[in-house]
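# Remarks on the overall topology
Next come the chains, spelled out residue by residue.
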Amino acid sequence: MNDELGEAPDIAGILIAVIAVAALLIWVERRLLAFWQDRLGPNRVGPLGLMQVVADMIKMFFKEDWIPPFADKPIFVIAPTIVFITALAAFAVIPFAPGVGIIDFNFGLLYFLALSSLSVYSIVLAGYASNNKYSLLGGLRAAAQTVSYEVFMGISIMGVVMLAGTFDLREIVEAQRGGWFIVPQFVGFVIFLIAIVAESRRGPLDLPEAEQELVAGFHTEYSGMKFGMFFVGEYVAIILSSAIIVTLFFGGWLGPWLPPLAWFCLKTGIGVLFFILIRGALPRPRYDQLMAFGWKILLPAGLLNLVITGALALPPG
Amino acid sequence: MALILFYLTSAVAVFATVMMLTRLNAVHGLLYLILSLLAVGVIFFLMGAYFAAVLEVIIYAGAIMVLFVFVIMMLNQGQTTTAQERVWLEPGIWLGPSFLALILLVELVVIIAHGGHIETGQVVSAKQVGIALFGPYLIAVELASILLLAGLVGAYHLGRPIPKTLPPESRP
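Structure report, in brief. (Residues numbered from 1 in each chain as written. Chains lettered and ligands numbered in written order. Predicted model: local features only at pLDDT ≥ 70, side-chain atom pairs only at ≥ 80, totals over all residues. Heavy atoms only, no water.)

Bringing the overall build of chain B into the picture now. The secondary structure content of chain B amounts to seven helices and zero strands. For chain B, the sequential pattern of α-helices and β-strands runs α-α-α-α-α-α-α. Evaluated residue by residue, chain B yields a buried proportion of 17% over its 172 residues. Counting contacts in chain B only where the partners sit at least 6 residues apart, residues at least 24 apart contribute 50% of the total. Approximately 12,800 Å² of chain B is accessible, and the part contributed by carbon and sulfur atoms is 76%. (Helix = DSSP H or I, 4+ residues; strand = E, 2+ residues; numbered from the N terminus. Buried < 20%, exposed > 50% of the residue type's maximum accessible area, 1.4 Å probe, protein only. Contact = heavy atoms within 4.5 Å. Areas by Shrake-Rupley, 256 points an atom, 1.4 Å probe, with all protein chains shown as cover.)

All right, on to the packing of aromatic side chains then. Residues and elements named next belong to chain A. In total, this model carries 16 aromatic pairs over all chains according to the counting rule given. Summarising the aromatic geometry, the rings of Phe 91 and Phe 96 are spaced 6.5 Å apart at their centres and angled 15 degrees between planes, so their arrangement reads as stacked. Pair check on accessibility: Phe 91 and Phe 96 agree, each one buried. Ring centres of Tyr 149 and Phe 152 lie 5.1 Å apart, and the angle between their planes is 80 degrees; this geometry places the pair in the edge-to-face category. Here Tyr 149 and its partner Phe 152 are both found in helix H6 (residues 133-164), three residues apart, which amounts to about one turn of the helix. Just as Tyr 149 is buried, Phe 152 falls in that class too. (Phe/Tyr/Trp six-rings, centres within 6.5 Å; stacked < 30°, edge-to-face > 60°.)

Attention now moves to the layout of surface pockets. In this structure, the largest pocket spans a volume of roughly 920 Å³. Lining the largest pocket are 31 residues, and of these Thr 86 and Leu 118 of chain A together with Ile 34, Leu 35 and Leu 38 of chain B sit closest to its centre. Partitioning the lining of the largest pocket into residue classes produces 27 nonpolar, three polar and one charged. (1 Å grid on protein atoms, 1.4 Å probe; cavity = no way out; pocket = protein on both sides within 12 Å on 5 of 7 lines; lining within 4 Å. Points joined across faces, edges and corners; volume = space filled by probe spheres on them. Nonpolar A, V, L, I, M, F, W, Y, C, P; charged D, E, K, R; others polar.)

It is worth spelling out the side chain of Ser 242 of chain A at this point. By the secondary structure assignment, Ser 242 of chain A is in helix H10 (residues 224-249). At 3.5 Å, the side chain of Ser 242 of chain A forms a polar contact with the backbone oxygen of Thr 268 of chain A. (Polar contact = N/O pair within 3.5 Å; in protein donor to acceptor, adjacent residues only side chain to side chain.)

Contact residues are listed per partner, giving 23 residues for chain B and 24 residues for chain A. Together chain B and chain A conceal approximately 2,100 Å² of surface at their shared face, both sides included; 83% is due to carbon and sulfur atoms. Counting across the chain B and chain A interface gives two residue pairs in polar contact (both at pLDDT 80 or more). Mapped onto the side of chain B that touches chain A, the elements with two or more residues apiece are helix H2 (26-46) and helix H3 (50-75) of chain B. Considering every element that reaches the side of chain B that touches chain A, the biggest residue donor is H3 of chain B, with 15 residues. For the side of chain B that touches chain A, the residue count by class is 19 nonpolar, four polar and no charged. (Buried area = accessible area lost by both parts, 1.4 Å probe.)

Here we take up helix H4 (residues 108-118) of chain A. By the criterion of burial, H4 of chain A is predominantly enclosed, with 10 of the 11 residues buried. Every buried residue of H4 of chain A is listed here: Gly 108, Leu 109, Leu 110, Phe 112, Leu 113, Ala 114, Leu 115, Ser 116, Ser 117 and Leu 118 of chain A.

As a working rule, side chains carrying opposite charge can pair if their charged atoms are close by. Residues and elements named next belong to chain A. Throughout the structure, instances matching the rule amount to four salt bridges over all chains. For the salt bridge of Glu 29 with Arg 279, the shortest nitrogen-to-oxygen distance reads 3.0 Å. Separated by 250 residues along the polypeptide, Glu 29 in helix H1 (residues 8-36) and Arg 279 in helix H11 (residues 260-281) bring together distant segments of the chain. Note on Arg 279: relative accessible area 34%, which makes it partly exposed. Taking the shortest distance from any N to any O, the salt bridge between Arg 286 and Asp 288 comes out at 2.9 Å. (Salt bridge = Lys/Arg side-chain N within 4 Å of Asp/Glu carboxyl O.)

In this section: the packing of helix H5 (residues 120-129) of chain A against H6 of chain A. All names here are of chain A. Taken N-terminus to C-terminus, the directions of H5 and H6 make an angle of 155 degrees; their axes are 7 Å apart at the nearest point. Considering the angle they form, H5 stands roughly antiparallel to H6. Taken as a pair, H5 and H6 cross one another with a handedness that is left-handed. For the pair H5 and H6, contact is made by Val 120, Ile 123, Val 124, Gly 127 and Tyr 128 and by Ser 135, Leu 136, Gly 139, Ala 142, Ala 143 and Thr 146, respectively. For the contact of H5 with H6, the residue count by class is seven nonpolar, four polar and no charged. (Axes fitted to C-alpha atoms, helices over the stretch in contact; angles between N-to-C directions. Parallel < 35°, antiparallel > 145°, perpendicular 65-115°, else oblique. Left-handed = near helix turned anticlockwise from the far one by under 90°.)

Right, let's talk about empty space enclosed by the protein for a bit. Residue and element names in this part refer to chain A. The final tally for this structure, using the stated rule, is one cavity of 30 Å³ or more. The volume enclosed by the largest cavity comes to roughly 30 Å³. Around the largest cavity, the lining residues are Val 93, Ile 103, Asp 104, Phe 105, Gly 108, Asp 168, Leu 169 and Arg 170. When grouped by side-chain class, the residues that make up the lining of the largest cavity number four nonpolar, one polar and three charged.

Further remarks concern unusual backbone geometry. Residues and elements named next belong to chain A. Positive phi, normally seen in glycine, also occurs at Asp 38, with a value near 60 degrees. Inspection of the secondary structure assignment puts Asp 38 in the loop between H1 and helix H2 (52-62). Accessibility expressed as a relative area gives 75% for Asp 38, which makes it exposed. You will see that Trp 257, though not glycine, has its phi angle at about 60 degrees, which is positive. Along the chain, the position of Trp 257 falls in the loop between H10 and H11. Overall, Trp 257 belongs to the exposed group, its relative accessible area being 84%.

A word on the environment of Ser 130 of chain A. Residues and elements named next belong to chain A. Along the chain, Ser 130 falls in the loop between H5 and H6. Using a relative accessible area of 0% as the deciding quantity, one classes Ser 130 as buried. Setting aside its immediate chain neighbours within four residues, Ser 130 contacts Phe 70, Phe 76, Ser 135, Phe 218, Glu 221 and Tyr 222.

Here the focus is the nonpolar core. Residues and elements named next belong to chain A. Counting 115 residues, the largest nonpolar core has Phe 112, Tyr 121, Phe 192, Val 236, Leu 248 and Phe 249 as the members making the most contacts within it. The greatest single-element share of this core, amounting to 14 residues, is contributed by H6. Here Phe 249 is in contact with Ile 157, Val 160, Gln 176, Trp 180, Phe 181, Ile 182, Gln 185, Gly 188, Phe 189 and Phe 192, once residues within four sequence places are set aside. (Core = buried A, V, L, I, M, F, W, Y, C linked by side-chain atoms within 4.5 Å.)

As structure tokens, then:
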């Protein structure tokens, strides 16, 4: 365990930075999607439309916070907080830079997997508690999608774990001094990327809230700050996903010239932009296609990758 | 400090389990069960078994319980089941199980009162269990896996696509 980590200023700084960036991403995503679709996007409020975030926030705070009379009240209220809490709690193990971070946990990678598997309760319970058929369908889709893709996610990163020989995210970064793991683990990277998009329920794999079919899926009945929780929680999850991808496959804080923290933020930022780009660029598959693709292609490919990596990583003799 | 945390977490686990048993709404019961599993995860963590703690959360709370919630949501039982449960879980039902559980509790208290030195069989470690399972009892492990495979094949059979060439009335 590292003594430099986990001091109060560190924790407060990381928490505030993550939430601020997540809020800013609302604007970034809208502007970028507009740019890629030959539109202007929100550009009226403040310079470049930057104050749009503030305007959105004020609007959300003052909206009526309505709980439908037919809803299961306690669960309806708890559900939006779960996605937010699990995503923020997962940041505890992210290795931002040497000496910057919250804890140094031997099983950091497993801790991330555990929290990402808990985050599905948010969607499932929201779908259940809303007592609305569209919400319920969204919740069912979320449960099936997440439980399946969690399996592929776990299998795809075991190659990295074998090469690094540890679940500790800091040691995984250090193990990439000789070269990023995306090169030897390219198949694992592709599977992990698809799985993490499905796991965070982002477009194009946002089937639990597919607007054209399910109104707004699991959050149909949510409004005001509760909807805001889901909304910002999604952006926190995006930052988390790209931070994990950077840590596992792109060498984390490693890089020449710039300080380590700058490298980490730069790489994570590119990851976030990539997440937004695929939402704008790719069509949403049908639900059965998503499940069939997972179990018939990703699972065998992941297992094959695991076997080959194991055979190559095995010490000779 | 660790001792206080341990007892606090254990209290949460026991309380959550009792709440899980007595809830009439199935989803509320499941939520308490998830809480109980998370508390057990924290207990493992406090004992230094980090790996077991994380696996507890990933496998039990994160995967198996999601499937439970999934099935209960798919059945989508409403107020009628709550009423039915209320009839089933009337106070008299608790008498038998509570009495039997009380006997076990008394046994446990007696063992603890003797300082845990009641004459029991030899203590078996996890490694010995593994060696026994994959040594002399290999055939039992194989039989169990055949049973699981049969379940898998059965599920696959039920979920197979219906051939389009069959006339509609003979389709299953």
